[in-house]
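Here's the letter readout for the chains.
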Amino acid sequence: MSPLTAIDLDDVGLDRGGQVLLKRALATLDPGDRLEVRGRAPELGIHLRAWCRDRGHAFNPSPPQAGPVVGWVTRGTAIDARRKGAQRAAGNGNGVADRAPATWGLAARGALVEAGGPEIRFPLDRRAAVWADTAAGIYRQAVAAQWDPATAVDWDAPVDLDPEVEAAVVTVMTYLVENENAALVVPARFLAQVHPHFREIVGVLAVQVADEARHV
């Protein structure tokens with residue numbers, strides 16, 4: 001893209017998506033270059049000042065008689081500094097890290113994570129604790145083997161059992177439902193504890209939870 005020297009946001013404020021257009025325009029500039037910003041949104045000048053301060057850019061407001069010109073944004077170096085401090089959310093070999101740091105947040109495996117982002121801690125963040133090389137295959141097998149109780153069981157079939165047999169069936173089915181609840185609750189408790197870097201493991205747990213929910 002050719003560098004822009006001015007951008008007209010018209011009546012679109014930063015609270016209505018104008019920051020996306022502004023970021024795109026600044027991406028064409030080098031640190032130290034100025035971008036003239038025009039617009040008619042009532043609070044644009046106030047929002048620009050706060051947005052630039054947060055992003056590491058300088059903002060010079062225009063005088064009142066400048067018409068639609070709200071001010072000038074001088075691109076800073078904060079974004080470049082963040083990118084230089086970024087790290088790749090991946091490990092060696094097959095790309096699965098021995099430990100997924102909390103600083104990776106919810107980033108996809110292999111993504112470039114900017115420095116300074118929020119830390120999201122997962123108790124199960126070590127490969128030795130959760131990983132299996134067969135996880136992807138287990139996931140595919142679980143998806144292919146799904147069955148639907150609504151169609152697999154004839155719920156309208158007549159039931160004509162002796163009372164003692166019926167009571168025994170009820171007891172057995174009650175026990176089975178308890179087992180299904182256990183199979184639902186246990187993986188569900190682990191699901192939110194596994195770092196999303198190990199996405200195949202998360203997928204296996206998620207399929208297990210979905211299956212057991214249908215079974216229950």
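Computed from a predicted structure; not experimentally measured.

**Student:** Kindly report on the pairing of strand β2 (residues 34-38), identifying the contributing residues and their values.
**Tutor:** In the sheet, strand β1 (residues 6-8) pairs with β2 via 3 bridges, with the strands oriented parallel. Opposite Asp8, over in β2, you have Arg38 as the bridge partner. Taken together, β1, helix α1 (residues 18-26) and β2 constitute a β-α-β crossover, and its handedness is right-handed. In terms of strand pairing, β2 meets strand β4 (residues 69-74) through 5 bridges, oriented antiparallel.

**Student:** If you had to explain the sheet that holds strand β3 (residues 58-61) to someone new, which residues and values would you point to?
**Tutor:** One open sheet accounts for 4 strands, arranged β1-β2-β4-β3; its pairing is mixed. The sheet is open, and its two borders are formed by β1 and β3, each paired with just one other strand. Shown here is a sheet whose adjacent strand axes are inclined to one another by a mean of 25°, direction ignored. The strands touched by α1 are β1, β2 and β4; relative to β2, the strand with the most contacts, the crossing angle is about 155°. The sheet strands contacting helix α2 (residues 44-55) are β2, β3 and β4, and the helix crosses β3 at an angle near 155°.

**Student:** Summarise unusual backbone geometry; cite the residues concerned and give the values.
**Tutor:** Within the chain, Asp10 stands out as a residue other than glycine whose phi angle is a positive 55°. Mapped onto the elements, Asp10 comes out in the loop between β1 and α1. Assessed through its relative accessible area of 33%, Asp10 is described here as partly exposed.

**Student:** Please set out helix α8 (residues 199-215) residue by residue, giving values where relevant.
**Tutor:** Look at α8: 24 Å from first C-alpha to last across 17 residues, which is about the 24 Å you get at 1.5 Å a residue. Of the surrounding elements, those touching the buried residues of α8 are α4 (127-130), α5 (135-144) and α7 (163-191).

**Student:** A description of the pattern of salt bridges should follow, citing residues and the corresponding values.
**Tutor:** Applying the stated rule across the entire model yields 8 salt bridges. Of the charged contacts, one joins Asp125 and Arg99 as a salt bridge, the two residues approaching to 3.2 Å between their closest N and O atoms. One end of the pair, Asp125, is in the loop between β6 (112-113) and α4; the other, Arg99, is in the loop between β5 (87-88) and β6, and 26 residues separate them in sequence. Judged by its relative accessible area of 12%, Asp125 is buried. Using a relative accessible area of 44% as the deciding quantity, one classes Arg99 as partly exposed. Between Arg214 and Asp211 there is a salt bridge whose closest N-O contact spans 2.5 Å. Here Arg214 and its partner Asp211 are both found in helix α8, 3 residues apart, which amounts to about one turn of the helix. Judged by relative accessible area, Arg214 falls into the partly exposed class, the value being 32%.

**Student:** Tell me about the packing of aromatic side chains, and please be specific about residues and values.
**Tutor:** For the structure on display, the rule yields 1 aromatic pair. Here the aromatic rings of Trp131 and Phe198 are separated by 6.4 Å at their centres, their planes lie at 45°, and the arrangement is tilted. Of this pair, Trp131 sits in the loop between α4 and α5 while Phe198 sits in the loop between α7 and α8, and the two are 67 residues apart along the sequence.

**Student:** Break down the environment of Pro196 for me, citing the residues and quoting the values.
**Tutor:** Secondary-structure assignment places Pro196 in the loop between α7 and α8. Between the alpha carbons of Pro196 and Ala108 there is a distance of 7.5 Å; along the sequence they are 88 residues apart.

**Student:** Could you give an account of the nonpolar core, naming the residues involved and the relevant values?
**Tutor:** Within the largest apolar cluster, 17 residues are counted, with the highest numbers of intra-cluster contacts made by Leu22, Leu35, Val37 and Leu48. Residue assignment for this core shows that the elements contributing at least two residues are α1, β2, α2 and β4. Top contributing element to this core by residue count: α2, with 4 residues. Setting aside chain neighbours within four positions, we find Val37 in contact with Ile7, Leu9, Leu22, Leu48, Pro68, Val69, Val70, Gly71 and Val73. Counting 13 residues, the second-largest nonpolar core is a separate cluster that includes Ala97, Trp104, Val194 and Phe198.

The rules behind each value
- As a convention, each chain's residues are numbered from 1 in the sequence order in which they are written.
- Totals for whole chains, interfaces and linings use all residues, but because this is a predicted model, local features are given only for residues with pLDDT of at least 70 and pairs of side-chain atoms are given and counted only at 80 or more.
- Side-chain numbers come from the whole structure's heavy atoms, not from hydrogens or water.
- When DSSP finds at least two bridges between two strands, those strands are taken to pair.
- Secondary structure follows DSSP: runs of H or I at least 4 residues long count as helices, runs of E at least 2 residues long count as strands, and numbering of each begins at the N terminus.
- Call a crossover right-handed when, viewed with both strands pointing away from you, the route from the first strand across the helix to the second goes clockwise.
- Lines are fitted to the C-alpha atoms to define the axes, a helix being fitted only along its stretch in contact, and any angle between axes, read from their N-to-C directions, falls within 0 to 180 degrees.
- Whether two residues touch is decided by their heavy atoms; if any such pair falls within 4.5 Å, the residues are in contact.
- Only protein chains enter the area calculation, which uses a 1.4 Å probe; residues under 20% of their type maximum are buried, those over 50% are exposed, and those in between are partly exposed.
- The length a helix should cover is 1.5 Å for every residue beyond the first.
- Only one rule defines a salt bridge in this text: a Lys or Arg side-chain nitrogen within 4 Å of an Asp or Glu carboxyl oxygen.
- Any two rings among Phe, Tyr and Trp, with Trp reduced to its six-membered ring, count as a pair given centres within 6.5 Å; such a pair is stacked if its planes are under 30 degrees apart, edge-to-face if over 60, and tilted if neither.
- Side-chain atoms within 4.5 Å are what join buried Ala, Val, Leu, Ile, Met, Phe, Trp, Tyr and Cys residues into a set we call a nonpolar core.

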